[in-house]
Amino acid sequence: MTDAPKLYHWSDKQFKNEIHMSHLSTYCRCPQQMYQKYIRGIESGKKSPELVTGSLQHDFMKKQLRLKRDGNTMNSDEIRDYVADQVEEKAVLLDMGDSEQFKRNKDKMIEQSIVLDQDYISKVTPIFVERPFEVHFSDLDYSFAGQIDTNRAIKKGVYKDASGIEYNEQKIQNQHYAVDDLKTSAASPSQNKFFGFNPKPEHWLQHAGYSLGSWIAAGFKASAFQQTLNTTVYLVKTKTPQVKLANFIVTKNDIRFLYEMISSLEKSLKTGLFPQNPLGWWCNPERCEAFYKCRRKEIISFESLFYKEKENG
Ligand code: SF4
């Protein structure tokens, strides 16, 4: 397998024999997009204000969670000052300057941060924040590495998984904490996404990855994996910001699938085979940075031909 000729050529420097969560999520969405983005290194251009505000919001959450873990948090006034300073520092990137728009965005971010603090951070007990992990597999050359947003203590309670099965604290075996992941969302998550019946595959894969990472970082053997409770914390940035939580139980089967994906990506890296996956909502110039580099255009003309034939009966 390793001696097969490569369809694409690259220097393997970027990977250093490590597969990261971002590589895997993108690969799951479209192998060709992963190749273009992380191997050919396509520039994503100027960052959109949404991306910058999303990452600032993430930074605020991590800072406040770390302070909470150490027994000391910012109060509302301190949050206001902290977030205002952060946004002003990034004003150039946000391209908002002194405009009215900038003021509105800054106020919005302050409001969102206070909601995040009141409805999530103040209610949890963080144990680890930004916890790095690295998983080595005996039969793979590449390791799997990443960083978990938060591990928090599990409170007594009942959690429902994607299939509606209820779990209580005792059933989350060998695990005294949950894995939390923060996402910002422009709209309230759909029922499907929220209750996890049909989460986006790459999104779901992240849960499996962070669970395995937490498990290994805690010193357990991968083969002993039972199940973990994962929560996506959605900061919903609607007119009235709110926090929504979606619980997922990650099981052994999910970890098996994660392993298969890591193993597939390793095979692609060794053979240079990165097929296009043009079936998703992301396959358009707005959402895929690689759109104009990819041979998708040929697929589009083929598709139009096919539909034309169908139209003509
Ligand atoms: S345009 Fe579509 S097929 Fe091509 S890399 Fe992007 S997502 Fe993949």
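Here the structure is a predicted model, which means the values were calculated and not measured. In every chain, residue numbers begin from 1 and rise along the written sequence. Totals for whole chains, interfaces and linings use every residue, but because this is a predicted model, local features are given only for residues with pLDDT of at least 70 and side-chain atom pairs only at 80 or more, for both listing and counting.

Numbered from the N terminus, helices here are DSSP runs of H or I no shorter than four residues, and strands are runs of E no shorter than two. Secondary structure summary: the protein contains ten helices and eight strands in total. Counting all 313 residues of the protein, 31% fall into the buried class. The contacts in the protein between residues at least 6 apart in sequence include a share of 72% that link residues at least 24 apart. Once C-beta atoms are placed from the backbone, each residue is buried if 20 or more other C-beta atoms lie within 10 Å of its own, exposed if 12 or fewer, and partly exposed for counts between those two. Once C-beta atoms are placed from the backbone, any two residues with those atoms within 7 Å are in contact.

With that settled, the discussion passes to the site of the ligand. Placing the C-beta atom from the backbone, one calls a residue near a molecule or strand if that atom lies within 6 Å of it. The ligand sits among 14 residues. The nearest are Cys-30, Gln-276, Cys-283, Cys-288 and Cys-294. Looking at which element gives the most residues to the shell around the ligand, the answer is helix α2 (residues 31–39), with three residues. Residues that form the shell around the ligand fall into these classes: eight nonpolar, five polar and one charged. Gly is placed with the polar residues, together with every amino acid not listed as nonpolar (Ala, Val, Leu, Ile, Met, Phe, Trp, Tyr, Cys and Pro) or charged (Asp, Glu, Lys and Arg).

Axes, fitted as lines to C-alpha atoms, cover a helix only where it is in contact. Angles between the N-to-C directions of the axes lie from 0 to 180 degrees. Interaxial distance between helix α4 (residues 76–89) and helix α6 (residues 100–119) falls to 9 Å at its minimum, and their mutual angle equals 135 degrees. When the interaxial angle is binned, α4 and α6 end up oblique. Our pair here, α4 against α6, has a crossing hand that is right-handed. Residues Ser-76, Ile-79, Arg-80, Val-83, Ala-84 and Val-87 of α4 form the contact with α6, whose own contacting residues are Lys-106, Met-109, Ile-110, Ser-113, Ile-114 and Asp-117. Broken down by class, the residue content of the contact of α4 with α6 amounts to seven nonpolar, two polar and three charged. Angle categories: roughly parallel below 35 degrees, roughly antiparallel above 145, roughly perpendicular from 65 to 115, and oblique for all the rest. Left-handed describes a crossing whose near helix is turned anticlockwise from the far helix by less than a right angle; the clockwise case is right-handed.

Here the focus is the packing of helix α1 (residues 21–29) against α2. Close contact between α1 and α2 brings their axes to 5 Å; oriented N to C, the two are set at 140 degrees. Overall, the two elements α1 and α2 adopt an arrangement that is oblique. Contact residues: α1 offers His-23, Thr-26, Tyr-27 and Arg-29, while α2 offers Pro-31, Gln-33, Met-34, Lys-37 and Tyr-38. Counted by class, the contact of α1 with α2 contains four nonpolar, three polar and two charged residues.

Position of Ala-145 relative to the elements: it lies in strand β3 (residues 143–153). For Ala-145 and Ser-22, which are 123 residues apart along the polypeptide, the C-alpha to C-alpha distance reads 9.9 Å. Each residue touching Ala-145, except ones within four places of it in the same chain, is listed here: Glu-18, His-20, Phe-133 and Glu-134.

This part takes up the confidence of the model for the protein. Predictor confidence is given residue by residue as pLDDT, running from a minimum of 0 to a maximum of 100. The share of residues in the protein with pLDDT of 70 or more is 73%, and the mean pLDDT across the chain is 79. Considering each helix and strand of the protein separately, the mean pLDDT is smallest for helix α10 (residues 296–311), with a value of 53, and largest for α4, with 92. Every residue in residues 1–9 is under pLDDT 50, and counting partners more than four places away or in other chains gives twelve contacts.

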